[in-house]
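Structural overview
Spelled out, the chains give:
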Amino acid sequence: MTHSKVDQALKIGIVAMLAALGLVIANTMGEHVVEVGDRAPNVTVTTDSGRQISLRNFGGKVLVVNFWASWCPPCVEETPSLNEFAKMMSDQGVVVLGINVDQNEKQYESFVKRFQVGFPNARDPQQAISYRFGTYRFPESYIIDRNGKVVQKFAGVPDREGRMIPWTDPELVNTVKALL
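Each value, and the rule that gives it
Residues numbered from 1 in each chain as written. Predicted model: local features only at pLDDT ≥ 70, side-chain atom pairs only at ≥ 80, totals over all residues. Heavy atoms only, no water. Helix = DSSP H or I, 4+ residues; strand = E, 2+ residues; numbered from the N terminus. Polar contact = N/O pair within 3.5 Å; in protein donor to acceptor, adjacent residues only side chain to side chain. Contact = heavy atoms within 4.5 Å. Axes fitted to C-alpha atoms, helices over the stretch in contact; angles between N-to-C directions. Parallel < 35°, antiparallel > 145°, perpendicular 65-115°, else oblique. Left-handed = near helix turned anticlockwise from the far one by under 90°. Nonpolar A, V, L, I, M, F, W, Y, C, P; charged D, E, K, R; others polar.

Along the chain, Thr-79 falls in helix α2 (residues 73-89). Looking at Thr-79, its side chain comes within polar contact range of the main-chain oxygen of Cys-75, at 2.6 Å. Here Thr-79 is in contact with Phe-111, Phe-115 and Val-117, once residues within four sequence places are set aside.

This part covers the packing of α2 against helix α5 (residues 170-177). α5 packs onto α2 with a crossing angle of 40° between their chain directions and a minimal axis gap of 12 Å. Relative to α5, the element α2 lies oblique. Viewed along their axes, α2 and α5 form a crossing whose handedness is right-handed. Contact residues: Phe-85, Met-88 and Met-89 in α2; Val-173, Val-176 and Lys-177 in α5. In terms of residue class, the contact of α2 with α5 is made up of 5 nonpolar, no polar and 1 charged.

If you want it as structure tokens, here you go:
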């Protein structure tokens, strides 16, 4: 090869490598948002009681993951019905797991105590777990089937009057029961 052909080949190679690098960087920087049909991210959390829970493989139970914050008005509104739902469904093979994104631990603890939250919770003050799900709005919930697949996802859905649809709504309860 002549000198100019080698230079030309090197230039083409450099441009191709830069284009590939650009694609890799763009792919890495893009948000990944977990959607219905996706497998839950392979994340393990430690609850307040010290229990380790894997969100992808939950031992044959249906898992409801609820991302929330104490400063979030819709989270405050939905907590009583979510608490009731957790009690109602716990004997049927459904586990509710709250993942709190508060940076202030005292606010978190005060909220849990005030609302007598009875389902397991884990803190995620750096939002590393919510980031893995692509969750940035609160509350946001994922219903994960026994195989680790996301079957429903919703961010605090208001009813016609602008109120949150309660977790004890018969349609929602029946949707979850159908997964058992």
